[in-house]
Amino acid sequence: MNKITLIFFNIFLLAGCSLPIYQIGDMPSEKRISAIKPGKHTKEDVTRLIGSPAHITLFQEESWIYIESKEQLRAFLSPIEKSRQVLVITFAPNETVSRINRLNLNDGIKVSIDSDKTKSYGKDLSIWDEMIGNFGRFPAKGEQR
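The text that follows walks through the structure, step by step, so that each part is easy to find. In this text the structure is predicted, and so the values were computed from the model without any measurement.

Overview of the overall build of the protein
Looking only at helices and strands, one finds four helices and five strands in the protein. Counting across all 145 residues of the protein, residues that qualify as buried make up 19%. Partitioning the contacts of the protein with sequence separation of at least 6, the portion at a separation of at least 24 is 43%. For the protein, the accessible area works out to roughly 12,400 Å², and carbon and sulfur atoms hold 57% of it.

Thoughts on the side chain of E68
Note that E68 resides in strand β3 (residues 62-74). The buried charged residue E68 lacks any salt bridge, with K70 as its nearest oppositely charged partner at 4.5 Å. A distance of 3.2 Å separates the side chain of E68 from the side chain of Q23, its partner in a polar contact. A distance of 3.1 Å separates a polar side-chain atom of E68 from the backbone nitrogen of M27. Residue contacts for E68: discarding those within four places in its chain leaves Q23, I24, G25, D26, M27, S83, R84 and Q85.

Description of the packing of aromatic side chains
Per the stated rule, a full pass over the model turns up one aromatic pair. Between the aromatic rings of W64 and F91, the centroid separation amounts to 4.9 Å while the plane-to-plane angle is 65°, which identifies the pairing as edge-to-face. With W64 in strand β3 and F91 in strand β4 (residues 77-91), the pair connects residues that are 27 residues apart, well separated along the chain. Just as W64 is buried, F91 falls in that class too. Positioned above the aromatic ring of F91, the side-chain terminus of K43 is 5.7 Å from the ring centre.

Focus: the environment of P20
Its place among the elements puts P20 in the loop between α1 (3-15) and β1 (21-25). Between the alpha carbons of P20 and Q72 there is a distance of 5.8 Å; along the sequence they are 52 residues apart. Not counting the four nearest positions on each side in its chain, P20 is found in contact with E71, Q72 and L73.

Topic: helix α3 (residues 43-50)
Those residues of α3 lying buried are K43, D45, V46, L49 and I50. In an axial view of α3, the angular spread of the buried residues amounts to 160°, which keeps them on one side of the axis. Along α3, exposed side chains directed more than 90 degrees from the buried face belong to E44 and R48. One or two steps after α3, the chain reaches G51, where phi turns positive at roughly 95°.

So, a nonpolar patch on the surface
Judged by side-chain polarity, I127, W128, M131, I132 and F135 come together as a nonpolar surface patch covering roughly 640 Å² of accessible area. Summarising the element assignment, M131 is placed in helix α4 (residues 127-133). Accessibility expressed as a relative area gives 45% for M131, which makes it partly exposed.

Digging into unusual backbone geometry
Despite not being glycine, E95 has its phi angle at roughly 65°, a positive value. Of note, E95 is situated in the loop between β4 and β5 (97-104).

Reading the values: the criteria
Residues numbered from 1 in each chain as written. Predicted model: local features only at pLDDT ≥ 70, side-chain atom pairs only at ≥ 80, totals over all residues. Heavy atoms only, no water. Helix = DSSP H or I, 4+ residues; strand = E, 2+ residues; numbered from the N terminus. Buried < 20%, exposed > 50% of the residue type's maximum accessible area, 1.4 Å probe, protein only. Contact = heavy atoms within 4.5 Å. Areas by Shrake-Rupley, 256 points an atom, 1.4 Å probe, with all protein chains shown as cover. Lys, Arg positive; Asp, Glu negative; His and termini not counted. Salt bridge = Lys/Arg side-chain N within 4 Å of Asp/Glu carboxyl O. Polar contact = N/O pair within 3.5 Å; in protein donor to acceptor, adjacent residues only side chain to side chain. Phe/Tyr/Trp six-rings, centres within 6.5 Å; stacked < 30°, edge-to-face > 60°. Lys NZ or Arg CZ within 6 Å of the ring centre and 35° of its normal. Arc of directions from axis to C-beta. Patch = residues over 30% accessible without salt bridge, like charges linked within 9 Å, V, L, I, M, F, W, Y side chains within 5 Å.

Below, the structure is given as structure tokens:
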């Protein structure tokens, strides 16, 4: 085998080991986002310019949220989030844009999952208790209760 064949073989071998990156969501283009002017555009204008949002918040002020995230899958392990872009468009009570805010992966907050479990009341039966407990509960074939 000559050196060129060996080099190409190694390149193809290593290329097959790369981990895929998947995009979740879709961020509107910068040109379309910059066309939105606070105080001037309404909800209909925003929908026409950049499309429907991924989420709508209804807390104090209504906000539309557009999200794009890129994750790298790793076989049987949890995926790694490589990048995240969030566009938050907040509307005033008269349904015009009041402000536009951009967030990225560094603006996120890590939330730890609580490992406590809620106790459920009932019987803790073993498999034997369940099997033996069913004897006599059901009528024989053709018999009615």
